[in-house]
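Reading the structure
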Amino acid sequence: MFIYRVAKSSRILSAIPKRYHSMNSGSAQSTPGPVEQSILAKLTQLLQPTSIRVTNDSWQHRHHAAMREQGGSNSETHFSVNVISNAFDSKTTMQRHRMIYGALSDEFANGLHALSLKTKTEAEAQKESQGATSS
């Protein structure tokens, strides 16, 4: 079982099981935007994750020229994705990231600019969790 601290602003999409979380930190949006929903749906379908968290970090980049051109903090251009999936078994970090970038090629073609990825297998997450509790 994996436990995540989830901010008050986190929303669980009704079509996605409760263990899949989507967060929109610091944004004025009250619901996940279409890019955020698409990322969550595509990665859930591809990876069948034990846990996934998608965070819209676009508001942190609102001062960049490209963001101002797209309407400031209302754009969906920067995301953090934390995912635990056994689909990553025997894959290098690069292979894991390529899987995700490939699945989101349409989003990148239509304005998604950056992803911060943390990818783990269930065994890696469990090992990390045990290491944190023994410290």
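About the thresholds
Residues numbered from 1 in each chain as written. Predicted model: local features only at pLDDT ≥ 70, side-chain atom pairs only at ≥ 80, totals over all residues. Heavy atoms only, no water. UniProt positions renumbered as here; feature names shortened; annotations may be inferred. Buried < 20%, exposed > 50% of the residue type's maximum accessible area, 1.4 Å probe, protein only. Helix = DSSP H or I, 4+ residues; strand = E, 2+ residues; numbered from the N terminus. Pairing = 2+ DSSP bridges. Core = buried A, V, L, I, M, F, W, Y, C linked by side-chain atoms within 4.5 Å. Contact = heavy atoms within 4.5 Å. Expected span 1.5 Å × (residues − 1). Axes fitted to C-alpha atoms, helices over the stretch in contact; angles between N-to-C directions. Parallel < 35°, antiparallel > 145°, perpendicular 65-115°, else oblique. Left-handed = near helix turned anticlockwise from the far one by under 90°. Nonpolar A, V, L, I, M, F, W, Y, C, P; charged D, E, K, R; others polar. Phe/Tyr/Trp six-rings, centres within 6.5 Å; stacked < 30°, edge-to-face > 60°.

Going by an unreviewed UniProt entry, the chain carries the name Bola-like protein-domain-containing protein and comes from Crepidotus variabilis. Regarding the chain, the relevant UniProt record gives this comment under Sequence similarities (unreviewed entry): "Belongs to the BolA/IbaG family."

The side chains of a regular strand alternate, first on one face of the sheet and then on the other. Residue alternation in strand β4 (residues 114-120) divides its side chains into a buried set, Leu115, Leu117 and Thr119, and an unburied set, Ala114, Ser116, Lys118 and Lys120. Pairing of strand β3 (residues 78-84) with β4 involves 7 bridges; the strand directions are parallel. Along β4, the bridge assignment pairs Ser80 with Ser116.

Its identity as a non-glycine residue notwithstanding, Gln48 has a phi of 45 degrees, on the positive side. Inspection of the secondary structure puts Gln48 in the loop between α1 (34-47) and β2 (51-56). Given a relative accessible area of 57%, Gln48 falls into the exposed group. Phi is positive for Ser90, close to 60 degrees, though the residue is something other than glycine. As for its position among the elements, Ser90 is in the loop between β3 and α3 (93-103).

Counting residues in each nonpolar core, the largest one holds 15 residues, and the members touching the most others are Ile39, Leu43, Val81, Ile100 and Leu115. Mapped by element, the contributors of at least two residues to this core are α1, β2, β3 and β4. Looking at this core, the element that brings in the most residues is α1, giving 4 residues. Setting aside residues no more than four positions away along its own chain, Ile100 makes contact with Leu43, Leu47, Val83, Phe88, Leu115, Leu117 and Thr119.

Our next topic: α1. For α1, with 14 residues, the first-to-last C-alpha span of 20 Å sits near the 20 Å given by 1.5 Å per residue. Of the residues trailing α1, Gln48 is marked for its positive phi of about 45 degrees.

Between α1 and α3, whose axes approach to 10 Å, the crossing angle comes to 130 degrees. As summarised for this structure, α1 and α3 are arranged oblique, according to the angle between their axes. In terms of crossing hand, the pair formed by α1 and α3 is right-handed. Residues Lys42, Leu43, Leu46 and Leu47 of α1 touch α3, and the partners they reach there are Met99, Ile100 and Ala103. Within the contact of α1 with α3, the residues separate by chemical class into 6 nonpolar, no polar and 1 charged.

Here we take up the packing of aromatic side chains. In total, this model carries 1 aromatic pair according to the counting rule given. On the numbers, 5.1 Å between centres and 15 degrees between planes, the contact of Tyr101 with Phe108 is stacked. The class for Tyr101 is partly exposed, based on a relative accessible area of 33%.

The next point concerns the environment of Arg53. Note that Arg53 resides in strand β2. For Arg53, a relative accessible area of 17% translates into the label buried. Between the alpha carbons of Arg53 and Val83 there is a distance of 6.4 Å; along the sequence they are 30 residues apart.

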